Amino acid sequence: ILTYPQKHDLYAGTAKIGTLKHLPPTLTLQYHFPTAGFRPYVGAGVNYTNFSSVEFTPATVTALHPSIKHNSFGLAVQAGVDVPLGGGWVFNVDVKKVQIKTTVYSSGASAGTFKVDPLLVGVGFGKRF
C-alpha cells in the first residue's frame with residue numbers, strides 16, 4: 001500500500017502549532033476466503049512512516065524548541081472484498097487501520113507522542129490474469 005506524502009496540521013488543544021508531511025508505505029499479507037463470487041479477505045502487516053517538512057509556528061519554536069522523531073513503525077490490519085464483474089475484472093472495497101505515531105521532543109527531552117492512526121477506505125478496480 002503506497003500513497004503520496006500526506007500533509008497534517010499540528011494542534012495543541014485548539015491552537016495550531018505547526019505542520020508536517022508523512023509518507024506511510026504499508027506491507028500486508030492477505031488471506032482470501034475460498035468462496036464463489038464475492039471474495040472477502042483479511043490482512044495484517046507492518047507500516048513504516050517517514051515524517052518530513054516539519055514546521056512549527058514561531059511562537060511554538062520560541063517557547064518549546066520542539067522536534068520530532070522522523071521514523072515510525074506500527075501494525076496494520078485490513079478487511080475487504082473483491083466483487084467479480086466478468087472477464088477477469090473485479091471491483092474492490094477495503095478498510096485499513098494503520099498505527100502511526102512518533103515521539104515529540106521539547107528542548108531535547110521527550111514531551112509526548114503525536115499519533116495519526118488513520119482509518120483508510122479504498123475503492124478500486126482490478127484485472128485478474
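What you see is a predicted model; the values in this text were computed from it and never measured.

Let's talk about the overall build of the chain
When helices and strands are tallied, the chain shows one helix and ten strands. When the helices and strands of the chain are read in sequence order from the N terminus, they spell out β-β-β-β-α-β-β-β-β-β-β. Whereas a compact globule of 129 residues would reach a radius of gyration of roughly 14 Å, the chain reaches 19 Å, over 25% beyond that. Projected onto its principal axes, the C-alpha coordinates of the chain cover approximately 60 × 25 × 20 Å.

Things to note about the sheet that holds strand S8 (residues 101–106)
Spatially, the three strands line up as an open sheet ordered S5-S8-S9, and their pairing is antiparallel. Both edges of this open sheet fall to strand S5 (66–68) and strand S9 (109–115), since each of them pairs with a single strand only. Adjacent strand axes in the sheet meet at a mean angle of 30 degrees, parallel and antiparallel pairs treated alike. Relative to S8, S5 runs antiparallel, the two sharing three bridges.

Regarding the pairing of S8
As paired strands, S8 and S9 are joined by six bridges and run antiparallel to one another. Following the sheet pairing, Thr102 is matched in S9 by Phe114. Where S8 hands over to S9, the hairpin turn is made up of two residues, of which Ser107 adopts a positive phi near 50 degrees.

Concerning a nonpolar patch on the surface
Taken together, the side chains of Leu27, Val46 and Phe73 present a nonpolar region at the surface, about 350 Å² in accessible area. Classification of Phe73 by relative accessible area gives exposed; the value is 63%.

A short note on the environment of Ile100
Assignment of secondary structure puts Ile100 in the loop between strand S7 (89–98) and S8. Here the alpha-carbon distance between Ile100 and Gly45, two residues 55 residues apart in the chain, equals 13 Å. In this structure Ile100 touches His22, Pro24, Asn47, Thr49, Phe51, Ser72, Phe114, Lys115, Val116, Asp117 and Pro118, once residues within four positions along its chain are discounted.

Describing the pattern of salt bridges
For the structure on display, the rule yields four salt bridges. For Lys16, the salt bridge identified is with Asp9, shortest N-O distance 3.4 Å. Ionic pairing is found between Lys96 and Asp94, a salt bridge with its closest N-O pair at 2.9 Å.

A few points about unusual backbone geometry
Of note in this structure, Ser53 is not a glycine but carries a positive phi near 50 degrees. In this fold, Ser53 is placed in strand S4 (residues 39–56). Classification of Ser53 as partly exposed rests on a relative accessible area of 44%. Notably, Ser107 is not glycine yet its phi reads approximately 50 degrees, a positive angle. Here Ser107 shows up in the loop between S8 and S9.

So, the packing of aromatic side chains
When we look at a pair of aromatic rings, we describe it by the centre distance and by the angle of the planes. For the structure on display, the rule yields four aromatic pairs. An angle of 90 degrees between the planes, with centres 5.1 Å apart, marks the rings of Tyr31 and Phe33 as edge-to-face. Owing to a relative accessible area of 44%, Tyr31 belongs among the partly exposed residues under this scheme. Judged by relative accessible area, Phe33 falls into the partly exposed class, the value being 34%.

Parameters at a glance
- Residues numbered from 1 in each chain as written.
- Predicted model: local features only at pLDDT ≥ 70, side-chain atom pairs only at ≥ 80, totals over all residues.
- Heavy atoms only, no water.
- Helix = DSSP H or I, 4+ residues; strand = E, 2+ residues; numbered from the N terminus.
- Rg over C-alpha atoms; globule rule 2.2 N^0.38 Å.
- Pairing = 2+ DSSP bridges.
- Axes fitted to C-alpha atoms, helices over the stretch in contact; angles between N-to-C directions.
- Patch = residues over 30% accessible without salt bridge, like charges linked within 9 Å, V, L, I, M, F, W, Y side chains within 5 Å.
- Areas by Shrake-Rupley, 256 points an atom, 1.4 Å probe, with all protein chains shown as cover.
- Salt bridge = Lys/Arg side-chain N within 4 Å of Asp/Glu carboxyl O.
- Buried < 20%, exposed > 50% of the residue type's maximum accessible area, 1.4 Å probe, protein only.
- Contact = heavy atoms within 4.5 Å.
- Phe/Tyr/Trp six-rings, centres within 6.5 Å; stacked < 30°, edge-to-face > 60°.

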